[in-house]
Structure formats: C-alpha cells, structure tokens
Amino acid sequence: MNTTYLNYINGEWVSSGSGEVLASTNPANTALTNGYFQRSTKEDVDRAALAAKNAWRLWKKKSAIERENYLHKAADLLEQRLEDIAVTATKEMGKTLAETKGEVNRGVAILRYYAQEGYRLIGENIPSGDSKNLLYTTRVPVGVVGVISPWNFPIAIPIWKMAPALIYGNTVVLKPASETAITAVKIMQAFADAGFPPGVVNIVTGDGSVVGSRLTEHPAINAVTFTGSNATGKRVAESCLKRGAKYQLEMGGKNPVIVLNDADLDQAVELTVNGAMKHTGQKCTATSRAYVQSEVYDVFKSKVLEKVAAIKIGSGLEADTYMGPVASKNQLDTVLGYIEKGIQEGATLLTGGKVPACREFENGYYVEPTVFENVTNDMTIVQEEIFGPVLCLQKVDSLEEALEKANDSSFGLSASLFTKDIASAFTFVDEIEAGLIKVNGESAGVELQAPFGGMKHSSSHSREQGQAAKEFFTAIKTITITPVK
C-alpha cells in the first residue's frame, strides 16, 4: 500500500486543508506509484508562514553555536537514512541511484559545513575617526525564508538553501517541486527528528501556482530563495519586488565547452559526454554546446559518437544504468519538441533523437542521448535551454571564434575549456561570460565550499553556497558606541 505523506507545520505532521492529495509516479515505469503527498492551499501556506514568523523570535536569539547542534543532528540522521532517501529520489525523478546517493552525501556535507558557521566571524571591528568610538558591524538574520526548490536536485538544493538560512538564525518554509515532493518530505523528517523547535522548519507541498505563488506574496515571508526555470523565476522576482522582500534566483544555463587543438581529446570527450548526458541532461550546468577547433573536430566527433553509442539507458535503480528517464511526461515532450525543432531548422542529427523502441522502455519517459552538428548560433537548440540529453557540436577555427560564439547567449552559468596551453586558459578565464568556469573539467558541478551562481539571465546575480551564502541570508548592522563623559 502506498503511503500518504503530510505537511510539516509548526512541529506537527498535518494534512492539507484541501483534503486532497497528489500522486507521485515513477518516470521509469509510470504504472508504479511512489505514494501520495498533500495538495496544499493558500491557507496551509499562511499557517506555515505565521508559525515560522513566531518561531523566529526565539530561534534568532539562540547563539549560532546552539543552532549548530541542530544541523549536526540533522546531518547524522540524513546519513543514517541515505539508502531510503536516495532510492526515493531515484523513483521520483529517474536519475541513477549512484547519483542520488552522492546527492545525499552532498547534503550531509553541506549541513556539517554550515554547522561550523557557528564558530566563524559574523562581523568586523572598523577603525573610527574618533578614537573614543567603538565602530563595528554584525550580521543578523533576515527573518522567515521561503525556499522553492526544483526536482532535478531534490536533496542537495533544498539543503544548501535551508542549512545557511537556519545557521544564520532564519526560519524556513520549504515548497519542493511536486515531482519530488516525497523526497523532500523525507528530508524534512530528518530535520524534524533532529529536534528543531516548532515552526523553525516547515514544508508545504502542492501546486506551484498555489503554494509557490502564496509563498512569494505572503507578508510574513521576508526572503525567497528559488531555483528553477527562468519564466517562474521572473514571476518570483516580480512578486517579491512588489512588496520589498529579498529574493535570490538561480535559473537556466546553456553551457558551452571549448575544445582546442592541443586538448587531451580522450579527457575532453569523456567530460563533455558526462556533462551532457549524465542525469539525462537535467542539470542547469549540463553541457549543451561544444565548440571544437577544426583540426581535431572530426576525431572529437567520432569519439563522442562512440561513447554515446555505449550509453546504457534504463531504470536508475539498475546498477549498470548510465542514463535514466527524464523526470516527467512534460519534460519528455519538451525535449522531443526541441529535437524536432532542431531538425526543422536544418541541424544534422548525428544520433539519437527518439524514444527508445525497446519494449522495456514503453512505460517510462525515456529519450535517446542525442547529438547534432551543422548547427548555427541562431538556432533554437543553441539558444534555449533544453534540459535533456542533447549536445550540439560546432566547428571553429580559433579560441577567439569559440569565445564569441560561446558568449552569444542570454545565459551565463557555467563553461569549460579543454587545453594544455596556459595562455589560452587565462584568455578563456578573462573573456568567458559565466559564473562557474572550468579548465579541463566538466561544466557541471562545484564544490560546496565555493560560491555558485551565474551571470546574465542565469541568476539574480547573487551567489549560493560557501561563505557567499551569508550575503543573502543575513543583513549587516553597523554599530557605533560612544562613551559618555
């Protein structure tokens, strides 16, 4: 029998006021249901927001060292429940179990990293023009933080938003993507069992048009941190801006790699294909464009096609699966639509582009790994984020041409260069318009202690993770104390 999962509001597991639930289905086999979660109402959001507001009055008064203990407990519980949470995530959104296990471990590490913030500096002493004055700064929490998290990283992303919010003294209302709502509830169970005071952490599941919209407009929500599509991100920004709430957006990418003549081609191929096809291309930092210098283009293309042909498609629960299904029917239709658009606009389809014909895939949302060539920068598949296993190859004559084409995008999240030449590496670092830059590395992924974020339309120009997180989750107070004579 499938379990029905509840909201967590003010320290209690509760049903939604609507009395309705939504089903979570397995994208590898849509005949399988993972369970049911709450279809929440605006009133459910109101209760969670007010609970978080009331809890904040006491939570912010705890020392950061006191708050650190809660994060360590949550990390321990998450680690103990790794297998269950990872399997749930794979069943909900399709990526391989190895990837979801890695994501749980990432969440554990994030919690432990931010737990240590309790011992780090939160301000500075500043020299005053008057030697008798004490002039200094401190950081204070912004208040109640609304967290809107996506389905593609259903474990790591909500945790890398919640952990810094909590350690800096904020309270949280989490609205997860419906595709991975059960995974999010299981994460919240670890937080609840860690003993966080009632109202400090809350989760409300349901439709984005209802729950997400109310979260961005609720007067008790002081800040909203969002990861997702550009269209939704713009609505979040508009809603927050209207009422003066703080907002943070991490959105799309159209991430290029540049491969120069002197590159280690085996390394470049391995990491380009991994960046494009792992996680079924459903990463905002996934590789989607490869600009390859003409002298090595044919060899690079041949090696890419050879590696793509060897990709094992299947359920993420099977140990030898390299690429699982996309997360939903809507995502499958979107990816196939872009592939068709590429063909219509004149790109050459080298491999893939279809739903696998094998009977074992007929009940899942599978699509073949796809590679195009003879593409131009004005094509839709080069300019718009597909969020699927689609790679576009282009031949270029020089690094300068590659940089010009790579920068010809409204996105600026991540980018990679493959070369052995240090001068080319520094030119790339200086000239590429992206927030995450790799030399001889995969375009996807950044270490948790380093800032993460993009340029152009990829973000709101803020940064997540590492020490940079405190810029969003805190405000600076500047204090002057003058002794009385």
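Everything that follows concerns the structure shown earlier in this document.
Let us look at the structure shown here. Fair warning: this is a prediction, and the values are worked out from it, not measured in the lab. (Residues numbered from 1 in each chain as written. Predicted model: local features only at pLDDT ≥ 70, side-chain atom pairs only at ≥ 80, totals over all residues. Heavy atoms only, no water.)

## Brief notes about the nonpolar core
For step 1, the next point in the chain: Counting 67 residues, the largest nonpolar core has Leu166, Phe191 and Phe196 as the members making the most contacts within it.
For step 2, the next point in the chain: Looking at which element gives the most residues to this core, the answer is helix α5 (residues 156-167), with nine residues.
For step 3, the next point in the chain: Excluding residues within four positions of it along the chain, Phe191 makes contact with Ala74, Leu111, Met162, Leu166, Phe196 and Val201.
For step 4, the next point in the chain: Residues Ala347, Val375, Met379 and Leu417 belong to the second largest nonpolar core, which totals 29 residues. (Core = buried A, V, L, I, M, F, W, Y, C linked by side-chain atoms within 4.5 Å. Buried < 20%, exposed > 50% of the residue type's maximum accessible area, 1.4 Å probe, protein only. Helix = DSSP H or I, 4+ residues; strand = E, 2+ residues; numbered from the N terminus. Contact = heavy atoms within 4.5 Å.)

## Some points on the packing of helix α2 (residues 64-80) against helix α6 (residues 181-193)
For step 1, the next point in the chain: One way to put it is that α2 packs onto α6 with a least axis distance of 8 Å and a crossing angle of 135°. Taken together, α2 and α6 sit at an angle that is classed as oblique. Of the two possible hands of crossing, α2 and α6 adopt the one that is right-handed. From α2, Ala74, Leu77 and Leu78 reach across to α6, where they touch Ile187, Ala190, Phe191 and Asp193.
For step 2, the next point in the chain: Residue composition of the contact of α2 with α6, by class: six nonpolar, no polar and one charged. (Axes fitted to C-alpha atoms, helices over the stretch in contact; angles between N-to-C directions. Parallel < 35°, antiparallel > 145°, perpendicular 65-115°, else oblique. Left-handed = near helix turned anticlockwise from the far one by under 90°. Nonpolar A, V, L, I, M, F, W, Y, C, P; charged D, E, K, R; others polar.)

## Some words on the state of the cysteines
For step 1, the next point in the chain: Taken as a whole and assessed by the stated rule, the structure comprises zero disulfides.
For step 2, the next point in the chain: Its sulfur unpaired, Cys284 is 18 Å from the next cysteine sulfur, which belongs to Cys392.
For step 3, the next point in the chain: The exposure class of Cys392 is buried, given its relative accessible area of 2%. (Disulfide = S-S within 2.5 Å.)

## Regarding the pattern of salt bridges
For step 1, the next point in the chain: According to the stated counting rule, one finds 26 salt bridges in the structure shown.
For step 2, the next point in the chain: For Asp76, the salt bridge is made with Arg112, and the minimal N-O distance between the two is 2.9 Å. Of this pair, Asp76 sits in helix α2 while Arg112 sits in helix α4 (residues 97-115), and the two are 36 residues apart along the sequence.
For step 3, the next point in the chain: Overall, Arg112 belongs to the partly exposed group, its relative accessible area being 28%.
For step 4, the next point in the chain: The partner of Glu217 in a salt bridge is Arg214, and the shortest N-O contact between them spans 3.5 Å. Here the residue Glu217 and the residue Arg214 both occupy positions in helix α7 (residues 208-217), the gap between them amounting to three residues, near one helical turn.
For step 5, the next point in the chain: Taken together, the shared-partner salt bridges in this structure form one network comprising Glu20, Arg39 and Asp207. (Salt bridge = Lys/Arg side-chain N within 4 Å of Asp/Glu carboxyl O.)

## Concerning the sheet that holds strand β7 (residues 134-141)
For step 1, the next point in the chain: Ordered in space as β6-β7-β22, the three strands form an open sheet in which the pairing is antiparallel. At either end of the open sheet lies a strand with only one pairing partner, and these are β6 (125-126) and β22 (474-481).
For step 2, the next point in the chain: Pairing of β7 with β22, which is carried by eight bridges, proceeds in the antiparallel orientation. Paired with Tyr136 across the bridge in β22 is Ile479. (Pairing = 2+ DSSP bridges.)

## Details of the packing of aromatic side chains
For step 1, the next point in the chain: Inspection of the entire model under this criterion finds ten aromatic pairs.
For step 2, the next point in the chain: Ring centres 4.6 Å apart and planes at 45° place the aromatic pair Tyr8 and Trp13 in the tilted group.
For step 3, the next point in the chain: Residue classification places Trp13 among the partly exposed positions, given a relative accessible area of 32%.
For step 4, the next point in the chain: Ring plane angle 65° and centroid distance 5.3 Å describe the contact between Trp59 and Tyr70, whose orientation is recorded as edge-to-face. With Trp59 in helix α1 (residues 42-59) and Tyr70 in helix α2, the pair connects residues that are eleven residues apart, well separated along the chain.
For step 5, the next point in the chain: Look at Tyr70 and you get buried, because its relative accessible area is 16%. (Phe/Tyr/Trp six-rings, centres within 6.5 Å; stacked < 30°, edge-to-face > 60°.)

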